[in-house]
Each structure stands twice: as C-alpha cells, then as structure tokens.
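Structural overview
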Amino acid sequence: DLTYPLTSSTDQVDVFHGTEVSDPYRWLEDLDGPATREWIDAQNKLTYSYLNEIPFRGKVRDRLEQLWNYEKFGVPREEGGRYFFSHNDGLQNQSVLFVQDGLDARERVLIDPNTFSKDGTVSLAGTSPSPDGRFLAYAISEGGSDWREWKVRDVETGMDLDDHLEWTKFTGATWHPDSSGFWYTGYPIPEDDALGDLNENATIYFHKLGNDQSQDEVVFKRADQPRWGFGAGVTEDGRWLLISGSEGTARKNRLWVKNLEEGGDFLPIYTDFDAQYSVIGSEEDTLFIRTTRDAPRAMVIATEVDPDGDISEKVILPQAADVLQGVSVLGERLVGHGLLRVEALG
C-alpha cells in the first residue's frame, strides 16, 4: 500500500461580501516556501517509488523511442532572401533552427536550443526573423515559465547583439517593415511572486535595435483596464499596425489599427468585445477580417477604414454550414479550411 505524505491544513478563512470562504491549503501558494518544497519532494519520492518498480516501463519507453525516432522538418519561412526552418534528427529534445542563404545555398545552424542548458530546462520559446533577413529575434523560457526573455541574433555572424528584453509574456516579436526594431507585449516587473502574481497592465512597446530596454517606446496601453491583454501585428504590406485586445480566455477581442505610412493615432475599429476579429490580409485601406460577429461558424468581411476611423463593411465570404476554422489571403483568392458539421441521425 502507498502511504501518501501528510498535507496539513490551516484555519485560513476569507470573507467576501459577508460570505466566509475556507482556504485551508493557502500555504501551498507560496511556491518557494520551505514547507511547499518539502511537500513537493515527498510527493515526488512517493510517485517515483511506484513508477520505478513497474516491470514493463522500459519496454514502453523503448517502443515510444522507436515511434518518435524519425527525422522532422518544419515549414520554411522566407525573409529577405533567406530561408529559416527547424530540423530534428529524431530524438533531440528541441528542434534546431537552421538558415539557408538562398535556395541553392547550404543550410547552417543558427540556433541550437539543446545547448541552452545541461538539464534541458531552458527552451526556445519563439523566433521572428526581420523582414530584411538580417536579424532574428528569439525568446527563451526557463523551467516552462510563461515569462520570456528576448534576444536578437545577427544572422550573418551567428552572434547575439546586446539587445536583451525581460518581463515579456504571451507575445511574439512583430518587426517594423523597415527592420529597425519590433513591437512586443511587456508587463511591469513583479513586486513579489513572478510566477504567482496576476498578469495586469499589459503594454505594447516598440524596441529599436541597439537601444536598452529602458528606452523602449510605449505604443499602446490602457491604464483604465489593467486586466486586458494586448498583442501587436502588422499586415503583410506593412501599411497597418494592428492591436488586438482580449480579456481572460473569452474568444472575443477588440481591434485598433494605425496607418504606418500616413501616421496618426490608433483608430478603434471594433471595440465591443462581441466577437472574434482576426485580420487575415489587406489591400490599401481595406482590411480582410475573419469574424464570428452574427456568424458563430465564422465569415470573412472586407472593412474599409477612412482616416477618421469610420468604417464600411462588405461580406465577401458568408457563413457556411461548416465552421470556418482558418482562412488566408493568397493572391486574389481566399484559402480556408473548415470543420465539417455532423448531423445526428434519427
């Protein structure tokens, strides 16, 4: 029989609006506290005392290695005439990022995340090559944390620049069309518990290459809405900077846009949190948007934006019987994929 470690309880009680709420295991929220660490070590000791005695465990591991041990390639991405792709020889913990200086050039290793740490707890959490192909912004994560540190690598030399960004989360690196820098989402430095504190006051910054992070420009924030999260994007033609705002995990967002060619302020396009609005492409002042507004299975609309932020809409792909899971603009066509609806019989 297994004897589980004792999980002690306390008399912790909170009162919310006159109602008492018991929280006897509050002490486990102190992730690095001595009592929590002792409890975790005891749980792990018990777990592995059982797992290590399973007689067929080695056979399961060997069979899984056989199934997983095959060469894998990621889809190449072209920027500035260079091609970036991932490769795994079979059983590497993390895929290696390669770059190829043209279709006829020989590939070379740009980043091998398997060298980040001896125990494999530091991972490559995101990459973004600049439009001219000269630089690669890449993120690292320690111990599976959602917090990311961003660095910038010179693609030609394979050496990192001095750029180093901290306290970013739930973000990519969205490059300016001229490759001078990138937008990202940052958070205030946690005052207490970096892993347990709430994610509040998300801010979109612009990092110019060569600058210290303290010099990064605040591009978009909403101090009156600390719980909102934000992400930045740029249309493929480089004309529109897009800010998507979310609240919690609801599949609804708000959308602000800014014309990078003409300047000016951000224009609030869709700000009611009533549906999803995903920009899939653009042509001059018209944005092509996949939306679930009045279309739970999704449709595509063309939204024309004037300098004052007024919009006019036209449905270009109506809602169908099947769910439109994703759609892209390819030349003058829309290419989408859907989830078939299954009707019950009887």
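Up top is the structure.
Keep in mind that this is a model prediction, so the values were computed, not measured. (Residues numbered from 1 in each chain as written. Predicted model: local features only at pLDDT ≥ 70, side-chain atom pairs only at ≥ 80, totals over all residues. Heavy atoms only, no water.)

1. Observations regarding the overall build of the chain
- When you go through the chain residue by residue, the secondary structure sums to two helices and 25 strands.
- Once the C-alpha set of the chain is aligned to its principal axes, its extents read approximately 70 × 65 × 65 Å.
- A burial count over the chain gives 34% of its 346 residues as buried.
- Contacts in the chain between residues at least 24 apart in sequence constitute 30% of all its contacts with a sequence separation of at least 6.
- When the accessible area of the chain is evaluated, it comes to approximately 21,700 Å², of which 48% is carbon and sulfur surface.
- Side-chain charges in the chain split into 33 positive and 62 negative, and the spacing between the mean points of these groups amounts to 6 Å. (Helix = DSSP H or I, 4+ residues; strand = E, 2+ residues; numbered from the N terminus. Buried < 20%, exposed > 50% of the residue type's maximum accessible area, 1.4 Å probe, protein only. Contact = heavy atoms within 4.5 Å. Areas by Shrake-Rupley, 256 points an atom, 1.4 Å probe, with all protein chains shown as cover. Lys, Arg positive; Asp, Glu negative; His and termini not counted. Charge placed at Lys NZ, Arg CZ, Asp CG, Glu CD.)

2. Focus: the packing of aromatic side chains
- Considering all chains together, one arrives at 16 aromatic pairs under this definition.
- Consider the rings of F73 and F85, whose centres lie 6.4 Å apart with planes at 40°: the pair is tilted. In this pair, F73 is assigned in strand β3 (residues 72-73) and F85 in strand β5 (residues 82-88), connecting sequence segments twelve residues apart.
- With a centroid separation of 5.2 Å and 75° between ring planes, the pair formed by W228 and F273 is classed as edge-to-face. (Phe/Tyr/Trp six-rings, centres within 6.5 Å; stacked < 30°, edge-to-face > 60°.)

3. Some thoughts on the sheet that holds strand β20 (residues 277-283)
- Ordered in space as β20-β21-β22-β23, the four strands form an open sheet in which the pairing is antiparallel. Taken across any chain shown, the strands that pair with only one partner, and hence form the sheet edges, are β20 and β23 (311-317). For this sheet the average axis-to-axis angle between neighbouring strands, irrespective of direction, equals 30°.
- Alignment of strand β22 (residues 299-305) against β23, held across six bridges, turns out to be antiparallel. Looking at β23, one finds that I301 is bridged to V315. (Pairing = 2+ DSSP bridges. Axes fitted to C-alpha atoms, helices over the stretch in contact; angles between N-to-C directions.)

4. Focus on unusual backbone geometry
- Positive phi, normally seen in glycine, also occurs at S179, with a value near 65°.
- As for its position among the elements, S179 is in the loop between β12 (174-175) and β13 (181-186).
- Its relative accessible area of 5% is what places S179 among the buried residues.

5. Examining the pairing of strand β18 (residues 254-259)
- Most of β18 sits out of view: five of its six residues are buried.
- As paired elements, strand β17 (residues 240-247) and β18 share six bridges and run antiparallel to each other. Each residue of the ladder has a partner; that of L241, found in β18, is K258.
- If you look at the hairpin formed by β17 and β18, you'll find six residues sitting between the two strands, and G248 has a positive phi there, around 65°.
- Relative to strand β19 (residues 267-270), β18 is paired through three bridges, and the arrangement is antiparallel. If you follow L255 over to β19, its bridge partner there is Y270.

6. A short note on the sheet that holds β17
- In spatial order, the strands read β16-β17-β18-β19; together these four strands make up an open sheet with antiparallel pairing. Two strands lie at the open edges of the sheet, namely β16 (228-234) and β19, each paired on one side alone. Averaged over all pairs of adjacent strands, the angle between strand axes in this sheet comes to 25°, irrespective of strand direction.
- Here β16 pairs with β17 via seven bridges, running antiparallel. Looking at the pairing, G233 lines up with L242 of β17.

Shape descriptors only; they carry no functional weight alone.
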